[in-house]
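Notes for the structure review
Residue-level listing of the chains:
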Amino acid sequence: MRRVLIAIVLACICSPVWATKILLPATQDNTLYESGSGLFSNGAGQHMFTGVPDEPVRRRAVIAFKNIHLEIPADATITSAKLHLNLSRETTDATIVRLHRMTSDWGEGGSQALPPENTGTNAEPGDATWVHTFWPNFEWRDPGGDFEEEFSAAELVDGVGNYTFGPSVDMTEDVQLWLDKPALNYGWIIIAAENFLTQKRFDTRENETEAFRPVLEVTFSRTGTQFDYSGPWYDPTLNGEGYLAFQTPEGWLFYYFGYSSEGTFLWLISDVVTLEDLVLGVPFELNMWVGIPGTFTEPSTDLKPYGTLSVMFDSCNTGQFILKGLEPDKTSN
C-alpha cells in the first residue's frame, strides 16, 4: 500500500452511531409436555415441540439466549431482533405460532427422549416440565409456564423449513430488557394455537445439523465508537501543531503536523491500524513515518520510519496522544 502524506483540513463531527449485527446461539431450550405430575421433559433432545398432537395434551417450547449481555456491549441500543428456527417435522395444517416473554426462570437438564421425541421422557434434575421450572423442587406459578399474556411476535407456520420471528417492537424491547437487566433474561415460550391439532417440531441447539439450530439475530447501535472521531485534534497549550484523524474503510489513519526541535516543519503519517472496537481509556499504537508535505496531485512518497503514536480517547472530543521517535517525545492532551 502506497503511503501518501497530504495536508488536509476538515470539520469534526461527533454524532454518528455505529450499527452492528450479531448472531447468537441459544443457550438453553426445552419442551413442556402437559402432565399433572410434571414428570416429562426433553432438555438434551434434538427437537422441541409446540401445539397439540393427536392425543389432546399440549406441548410448549421454551428457549433462552443468556449470552446476550456477554456478547453485546452494555451501552448498546437494540434496534432489531429476529429469532430463526427450523421446522423439521409437522403433521398438522398451517398454524399461528407466537412468542411470549417468560417471567420466570427455568432449566434445561439432561433428559433426552427417544426419536421422534414428541412424547418426551423422564425429567432429569434441573429440567423444566409442565409443572416445574427446575425439576423436582421448583414450580411455575401457573402450570405450563409463566409468561406475558401479550405476545412479542407471531408467525404462520406451514410446511417444513426455516422460519423467522420478528423483527417486532416487542422483541426489540425484550432483548433490550435482557441486555440492561440480565437477571430477568428468561427467554421466550413458543406457543402454537391450542384449540385443535397443531403440533409443530422445531430443532434445538443440540441438533446434529448446525444449520438447523436456533439463532437470535440482533442489530444494535452505539455511540462512542471509532466513527465519531474523524477530524482535527489539538492540544490548546501547544501552538501550531496537531493531528488529523481518519476512520477509513481500511482502518485508522493519522497525520501529525508541527515543528521539529530545530523549529522546522515536521509532517508525519501513520500506518493504517484496524480495530474491532474502540475502548475508551485504552490506548492503541500506530507506526509513524516522516516525509515532506505533498498534495493530492503530487503526493510525497519519500517516507522513512519515525517512531510510534499512542492514541487514547476518553470521549469523542478528549484524549491523549503520545508521539515517540526521532524527536523528543510529544504528549498532547
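Residues numbered from 1 in each chain as written. Predicted model: local features only at pLDDT ≥ 70, side-chain atom pairs only at ≥ 80, totals over all residues. Heavy atoms only, no water.

1. A word on the nonpolar core
Counting residues in each nonpolar core, the largest one holds 32 residues, and the members touching the most others are Ile-72, Phe-165 and Trp-188. When residues in this core are grouped by element, the largest group, five residues, is from strand 6 (residues 77-90). Formed by 22 residues, the second largest nonpolar core is a distinct cluster that contains Trp-252, Phe-254, Leu-266 and Cys-316. (Core = buried A, V, L, I, M, F, W, Y, C linked by side-chain atoms within 4.5 Å. Buried < 20%, exposed > 50% of the residue type's maximum accessible area, 1.4 Å probe, protein only. Helix = DSSP H or I, 4+ residues; strand = E, 2+ residues; numbered from the N terminus.)

2. Focus: the pattern of salt bridges
Considering all chains together, one arrives at 12 salt bridges under this definition. Between Arg-58 and Glu-34 there is a salt bridge, and its shortest N-O distance comes to 2.8 Å. Of this pair, Arg-58 sits in the loop between strand 4 (47-50) and strand 5 (59-64) while Glu-34 sits in the loop between strand 2 (28-33) and strand 3 (40-41), and the two are 24 residues apart along the sequence. Given the relative accessible area of 26%, Arg-58 is considered partly exposed. Residues joined by salt bridges that share partners form a network here, namely Glu-34, Arg-58, Arg-60 and Glu-194. (Salt bridge = Lys/Arg side-chain N within 4 Å of Asp/Glu carboxyl O.)

3. Considerations on the environment of Ile-78
Assignment of secondary structure puts Ile-78 in strand 6. Note on Ile-78: relative accessible area 6%, which makes it buried. For the pair formed by Ile-78 and Lys-21, sequence separation is 57 residues and the distance between their alpha carbons is 9.9 Å. Aside from chain neighbours lying at most four places away, what touches Ile-78 is Ile-72, Thr-172, Val-175, Gln-176, Leu-179, Val-218, Thr-219 and Phe-220. (Contact = heavy atoms within 4.5 Å.)

4. Topic: the sheet that holds strand 13 (residues 188-192)
The strand order across the open sheet formed by five strands is 2-5-13-7-11, and the pairing between neighbours is antiparallel. This sheet does not close on itself; its edge strands, each paired only once, are strand 2 and strand 11 (153-157). Taking each pair of neighbouring strands and ignoring which way they run, the sheet shows an average axis angle of 20 degrees. Looking at chain direction, strand 5 and strand 13 are connected through three bridges and run antiparallel. Bridge pairing links Ala-61 to Ile-190 in strand 13. (Pairing = 2+ DSSP bridges. Axes fitted to C-alpha atoms, helices over the stretch in contact; angles between N-to-C directions.)

5. Some thoughts on the pairing of strand 19 (residues 265-270)
The pairing of strand 18 (residues 251-259) with strand 19 spans five bridges and is classified as antiparallel. Looking at strand 19, one finds that Gly-258 is bridged to Leu-266. Pairing between strand 19 and strand 20 (residues 284-291): four bridges, direction antiparallel. In the sheet register, Trp-267 faces strand 20, and the bridge partner there is Gly-291.

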